[in-house]
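Here's the letter readout for the chains.
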Amino acid sequence: MKAMLASAALAIAITGGAEAATVQPHEAIYEITVKEWRLPGAVTSYNGTQILRLESTCRAWRLTGRFAITAQLRGGRNMQFESDISNSEAKDGTRLTFDHSTRMNGQDLAPIRGVASRPHPGAAGQVRLSVPKDQTLALPKEARFPVQSFLWTAQQIEQGKRTMNYVLFDGSGPEPMRVFELLTGTAIAIRPPPKGDAELLGGRSWRTVGSFHRYTGTAAEPITSITQDIHDNGIGSAITFDIGLAVVQLKLRAIRKLPEPSC
């Protein structure tokens, strides 16, 4: 689930030609639609939102997100699920600080906090955890951090590739994941358009389907998967993923462009 939130928050922007891919800082508010419930007992109603914010400084990307959904069950019971993420990623790919928490009816579920670092881009490094306990793990040299991995994916798409394979470390767990992405077509325009800076959705767009696998092991079944509609300015307009207790779809309802840093 936390991996999905981190991935959904990140944007791919392609400027075209020989220019490098860029990521547009923005704040997005999504409406949640549940496609499939896996809760014991019938769900009579629900509501939920996700807020994602991607900021840029001269040296780092700052990603924060909050996902919350409340379901009313037959018999008067309620279920509340919340997830918060906070990442800071060095633009040179050498450091990622992360703080992820998930709660079910107020009870913490596997919180994680720490720092992943490497001495220079492309080198092996280490992941130092402070939550749930002090621990140091290896960071493979091929592991990409979230924004870095999406910029790489954007470059592959610009070069005409339809499949992208890479190793992602986003801080949602102590180990990286192997990601397999497939470009399946163009994004479908959302109706009605989102409030705010809706003109930001006027450029190129595409749809990708990604599956997330354990870094070690040979299991063919993915841990989870995500389908995303991405626009060329870096905004995801529709995102579908599995949070365990349900399969949910996020639809963009409001978008605001955030400023670029003056470096």
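Residues numbered from 1 in each chain as written. Predicted model: local features only at pLDDT ≥ 70, side-chain atom pairs only at ≥ 80, totals over all residues. Heavy atoms only, no water.

Asks: Honestly, the pairing of strand E15 (residues 224-231) in this entry has me stumped. Any pointers?
Replies: The side chains of a regular strand alternate between the sheet's two faces. In terms of burial, E15 is largely enclosed, as six of its eight residues are buried. Bridge count for strand E14 (residues 205-214) against E15 is eight bridges, and the pairing is antiparallel. When the bridges of E15 are listed, Val209 appears paired with Thr227. Hairpin remark: E15 followed by strand E16 (residues 236-242), antiparallel, with four residues in the connecting loop; positive phi at Gly234, about 95°. (Buried < 20%, exposed > 50% of the residue type's maximum accessible area, 1.4 Å probe, protein only. Helix = DSSP H or I, 4+ residues; strand = E, 2+ residues; numbered from the N terminus. Pairing = 2+ DSSP bridges.)

Asks: Whenever I open this one, the state of the cysteines confuses me. Can you help?
Replies: Disulfide: a covalent bond formed between the sulfur atoms of two cysteine residues. On inspection of all chains with the given rule, the structure shows one disulfide. The disulfide bridge from Cys58 ends at Cys263, spanning 2.0 Å between sulfur atoms. Across the S-S bond linking Cys58 and Cys263, the dihedral sits near -110°, which makes this disulfide left-handed. In this pair, Cys58 is assigned in the loop between strand E2 (43-56) and strand E3 (60-73) and Cys263 in the segment after strand E17 (246-257), connecting sequence segments 205 residues apart. A relative accessible area of 43% places Cys58 in the partly exposed class. (Disulfide = S-S within 2.5 Å.)

Asks: Sorry if this is basic, but what is going on with the nonpolar core here?
Replies: Nonpolar side chains in soluble globular proteins tend to be buried together. The biggest cluster of nonpolar side chains holds 37 residues, and the ones touching the most others in it are Phe67, Phe241, Ile243, Val248 and Leu252. When residues in this core are grouped by element, the largest group, five residues, is from E17. Membership of the second largest hydrophobic core comes to 11 residues, among which are Ile112, Leu139, Phe145 and Phe169. (Core = buried A, V, L, I, M, F, W, Y, C linked by side-chain atoms within 4.5 Å.)

Asks: It is not clear to me how the environment of Thr57 should be interpreted in this structure. Could you clarify?
Replies: Structurally, the position occupied by Thr57 is in the loop between E2 and E3. Classification of Thr57 by relative accessible area gives partly exposed; the value is 40%. Here the alpha-carbon distance between Thr57 and Cys263, two residues 206 residues apart in the chain, equals 8.2 Å. If near-sequence neighbours (up to four positions away) are discounted, Thr57 is found in contact with Lys91 and Pro261. (Contact = heavy atoms within 4.5 Å.)

Asks: Is there a simple way to explain the packing of aromatic side chains in this structure?
Replies: The geometry of an aromatic ring pair is captured by the separation of the ring centres together with the interplanar angle, meaning the angle of the planes. The tally for this structure, following the rule as stated, stands at five aromatic pairs. A ring pair is formed by Phe67 and Phe81, whose centres lie 6.1 Å apart and whose planes are at 80°; its orientation type is edge-to-face. Here Phe67, found in strand E3, pairs with Phe81, found in strand E4 (residues 78-90); they are 14 residues apart in sequence, far enough to count as distant. Look at Phe67 and Phe241: their rings are 6.3 Å apart centre to centre, the planes differ by 55°, and that puts the pair in the tilted class. In this pair, Phe67 sits in strand E3 while Phe241 sits in strand E16, placing the two residues 174 residues apart along the sequence. Neither residue differs from the other here; Phe67 and Phe241 are each classed as buried. Each residue in the set Phe67, Phe81 and Phe241 is aromatic and connected to the rest through ring pairs, giving one cluster. When the ring centre of Trp61 is taken as reference, the NZ or CZ atom of Lys91 above it lies at 4.5 Å. The side chain of Arg118 reaches across the aromatic face of Phe145, ending 5.2 Å from its centre. (Phe/Tyr/Trp six-rings, centres within 6.5 Å; stacked < 30°, edge-to-face > 60°. Lys NZ or Arg CZ within 6 Å of the ring centre and 35° of its normal.)

Asks: Mind showing me how you'd approach the pattern of salt bridges here?
Replies: Oppositely charged side chains can pair when the atoms bearing their charge come close. Under the counting rule described, the total for this entry stands at 14 salt bridges. Note that Arg253 and Glu31 form a salt bridge whose closest N and O atoms lie 3.5 Å from each other. Remark: Glu31 occurs in strand E1 (residues 26-37) and Arg253 occurs in strand E17; sequence separation between them is 222 residues. On the accessibility criterion, Glu31 (34% relative accessible area) is partly exposed. In this structure, the salt-bridge partner of Asp242 is Arg38, at a minimum N-O distance of 2.8 Å. With Asp242 in strand E16 and Arg38 in the loop between E1 and E2, the pair connects residues that are 204 residues apart, well separated along the chain. (Salt bridge = Lys/Arg side-chain N within 4 Å of Asp/Glu carboxyl O.)

Asks: Sorry if this is basic, but what is going on with the pairing of E3 here?
Replies: Here E2 pairs with E3 via 13 bridges, running antiparallel. What sits directly across from Gln50, in E3, is Phe67. In sequence, E2 turns back onto E3 through a hairpin of three residues. In this structure, E3 lies alongside E4, joined through 13 bridges in antiparallel fashion. Bridging across to E4, Ala71 finds its partner in Met79. Hairpin connection of E3 to E4: four residues between the antiparallel strands, including Gly75 at a positive phi of 100°.

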